[in-house]
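# Results of the structural survey
Each chain, letter by letter, is given below.
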Amino acid sequence: MVGRLADHPSSAPASAPASVGIFDSGVGGLSVVAAIHRLRPGLPLRYVADTAGFPYGERPPEEIAERSLAIGGRLIEAGARLLVVACNTASSAALEALRERFSVPVVGMEPPLKPAVERSRSGRVALLVTPATAEGARLARLHDSYAGDSRVLTIPMPGLADLVEGGEVSGPRVEALLGDALAELPSEGVDEVALGCTHYGFVRSALRALLGEGVELIDTAEPVARRVLQQLEEHAIAIAEDGDATVPCAVSGDPSAFEAATGRLRASGVTLPPLRVSRGVAA
Ligand code: DGL
């Protein structure tokens with residue numbers, strides 16, 4: 001296992017400042033951080049990018065679950081009163097285990113198959129996911145519950161999260177990867193494309209250029225952000241807002257590579273809140 005993480009107890013010391021704890025394998029979950037930040041700029045957030053374990057999408061579910069439990073424990077220790085698994089792959093592999101292990105509410109993500117099917121006029125939708133999410137039981141259950149009579153093309157996108165993780169969201173390599181993976185969509189009559197990986201929202205412009213205006217892209221960062229605020233309210237979790245909008249961001253791999261990638265994302269037009277990056281799993 002690459003960059004093994006030690007497990008940690010789940011109790012937050014009373015002195016730890018309360019926050020919402022969010023994690024992903026890398027930069028992808030920042031789309032959820034940005035969405036929460038847009039809705040509630042003063043809400044203290046704490047982010048973990050498990051880049052030592054990246055890409056989750058090409059790892060076995062047991063390993064992703066083990067890493068997720070370790071990170072969840074560290075975030076709670078650091079004061080998280082609610083966890084957000086800002087990663088479809090980790091939600092697929094570990095959501096139940098996280099909810100069993102920890103007493104704080106855990107908000108996960110799933111590919112937006114339901115809205116895609118509901119909105120499709122052609123009855124043909126595509127789901128872009130990591131290889132691990134494509135093979136997971138959670139996606140099979142989602143399909144059984146919501147696909148109905150629609151034709152659902154589940155398209156694993158190996159390599160796409162890797163480009164985004166390097167901050168590459170446009171240009172020839174992104175276009176070639178998308179062009180190859182999605183070549184059949186127009187002839188299939190697909191009119192809804194559901195983004196089932198938090199990294200993929202960052203290639204929205206490239207997807208839009210490739211697929212044309214008649215195809216709708218559905219991302220879940222915004223709905224998940226709303227769900228987080230709703231859960232805080234439902235569970236009566238009071239987190240004092242502070243004036244400092246900076247998000248502490250712990251990176252398990254190389255923090256400078258992470259900073260370079262977020263710099264490239266910002267330069268390409270992505271809006272992210274200010275981040276304070278350090279090495280670790282819960283800054
Ligand atoms: N961002 C993750 C997701 O939403 C996957 C990226 C990876 O493969 O690590 O599924």
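So, here is what we can say about the structure in this document. Counting starts from 1 at the beginning of each chain's written sequence and moves along it residue by residue. Only residues with pLDDT of at least 70 are given local features in this predicted model, and only at 80 or more are side-chain atom pairs given and counted; all residues enter the totals for whole chains, interfaces and linings. Derived side-chain values reflect all non-hydrogen atoms in the structure, with water molecules and hydrogen atoms excluded from consideration.

### Let's talk about the pairing of strand 2 (residues 45-49)
Counting buried residues along strand 2, five of its five residues qualify, which places the element largely inside the surrounding structure. The buried label goes to any residue with under 20% of its type's maximum accessible area, the exposed label to any with over 50%, and the partly exposed label to all in between, with areas taken from a 1.4 Å probe on protein chains only. We count a stretch as a helix when DSSP gives it H or I for four or more residues in a row; a strand needs E for two or more, and each element gets its number in order from the N terminus. Side chains Leu45, Tyr47 and Ala49 project from strand 2 onto one buried face, and the interleaved Arg46 and Val48 project onto a second face that is buried too. Judged from the five bridges that link them, strand 1 (residues 19-24) and strand 2 form a sheet pairing that is parallel. Looking at strand 2, one finds that Val20 is bridged to Leu45. Viewed with both strands pointing away, a crossover whose connecting path from the first strand over the helix to the second turns clockwise is right-handed. Crossover connection from strand 1 via helix 1 (residues 30-39) to parallel strand 2: handedness right-handed. Being paired, for any two strands, means DSSP has found at least two bridges between them. With three bridges connecting them, strand 2 and strand 9 (residues 247-251) associate as parallel partners. Looking at the pairing, Ala49 lines up with Val251 of strand 9.

### Quick word on the pairing of strand 3 (residues 80-85)
On a regular strand, each side chain points to the face opposite its neighbour's, so the side chains alternate between the two faces of the sheet. With five of its six residues buried, strand 3 lies for the most part within the structure. In terms of strand pairing, strand 1 meets strand 3 through five bridges, oriented parallel. Pairing of Ser19 across the sheet is with Ala80, part of strand 3. Looking at chain direction, strand 3 and strand 4 (residues 106-107) are connected through two bridges and run parallel. Looking across to strand 4, one finds that Leu83 is bridged to Val106. A crossover connection joins strand 3 to the parallel strand 4 through helix 3 (residues 88-101); in handedness this β-α-β unit is right-handed.

### Here we look at the sheet that holds strand 3
The strand order across the open sheet built from six strands is 4-3-1-2-9-10, with neighbouring strands paired in parallel fashion. In this open sheet, the two edge strands, each paired with only one partner strand, are strand 4 and strand 10 (275-279). Here five bridges tie strand 9 to strand 10, and the two strands are oriented parallel to one another. If you follow Val247 over to strand 10, its bridge partner there is Leu275.

### Structural notes on the sheet that holds strand 6 (residues 151-156)
Taking strand neighbours across the sheet as the criterion, the four strands line up as 6-5-7-8 in an open arrangement whose pairing is parallel. Both edges of this open sheet fall to strand 6 and strand 8 (216-218), since each of them pairs with a single strand only. Averaged over all pairs of adjacent strands, the angle between their axes in this sheet comes to 20°, without regard to strand direction. Pairing between strand 5 (residues 124-129) and strand 6: six bridges, direction parallel. Pairing of Leu128 across the sheet is with Ile155, part of strand 6. Packed onto the sheet, helix 10 (residues 204-211) meets strand 5, strand 7 (192-196) and strand 8 and runs at close to 150° relative to strand 8. Each axis is a line fitted through C-alpha atoms, and for a helix only the stretch in contact is used; angles between axes span 0 to 180 degrees, taken between their N-to-C directions. The contact rule is simple, with two residues in contact once any of their heavy atoms fall within 4.5 Å.

### Here we look at helix 12 (residues 255-267)
Working rule for helices: expected span equals 1.5 Å times residues minus one. The terminal C-alpha atoms of helix 12 lie 18 Å apart, and with 13 residues this matches the ideal 18 Å at 1.5 Å per residue to within 8%. Buried residues along helix 12 sit against helix 1, strand 2, helix 7 (160-165), strand 9 and strand 10. Among the residues trailing helix 12, Gly269 stands out with phi positive, at a value near 105°.

### A short note on empty space enclosed by the protein
To find leftover empty space, a probe the size of one water molecule is rolled over the atoms. Cavities and pockets were defined on a 1 Å grid built over protein atoms only: a cavity is a set of grid points that admits a 1.4 Å probe from which the probe cannot escape, a pocket is an open set flanked by protein on both sides within 12 Å along at least five of seven lines, and lining residues are those with an atom within 4 Å of any such point. Grid points are joined across faces, edges and corners, and a volume is the space filled by probe spheres set on the points. In this structure the tally under the stated criterion is three cavities of 30 Å³ or more. As a volume, the largest cavity reaches approximately 120 Å³. Lining the largest cavity are 21 residues, with Gly57, Thr89, Thr130, Ala161 and Cys197 positioned closest to its centre. Contributions of two or more residues to the lining of the largest cavity are made by helix 3 and helix 7. Elements represented by at least two residues in the lining of the second largest cavity include exactly helix 3 and helix 6 (137-146). Looking at the lining of the second largest cavity, the element that brings in the most residues is helix 6, giving three residues. Charged means Asp, Glu, Lys or Arg here, nonpolar means Ala, Val, Leu, Ile, Met, Phe, Trp, Tyr, Cys or Pro, and polar covers whatever is left, Gly included. Tallied by class, residues from the lining of the second largest cavity come to four nonpolar, three polar and two charged.

### Some remarks on the pattern of salt bridges
Where charged atoms from two side chains of opposite charge come close, those side chains can pair. For this document, the term salt bridge refers to a Lys or Arg side-chain nitrogen within 4 Å of an Asp or Glu carboxyl oxygen. Enumeration over the complete set of coordinates arrives at 14 salt bridges. Among the salt bridges present, the one from Lys114 reaches Glu118, with a minimum N-O distance of 3.4 Å. Of the two residues, Lys114 and Glu118 both sit in helix 4 (residues 113-119), four residues apart, roughly one turn of that helix. Residue Glu118 is classed as exposed on the basis of its relative accessible area, which comes to 58%. Between Glu216 and Arg119 there is a salt bridge, and its shortest N-O distance comes to 2.9 Å. In this pair, Glu216 sits in strand 8 while Arg119 sits in helix 4, placing the two residues 97 residues apart along the sequence.

### Quick word on unusual backbone geometry
Backbone phi values are negative for most residues with the exception of glycine, while trans is the configuration of most peptide bonds. Cis geometry marks the peptide bond from Phe54 to Pro55; its omega dihedral reads -5°. Relative to the helices and strands, Pro55 resides in the loop between strand 2 and helix 2 (61-77).

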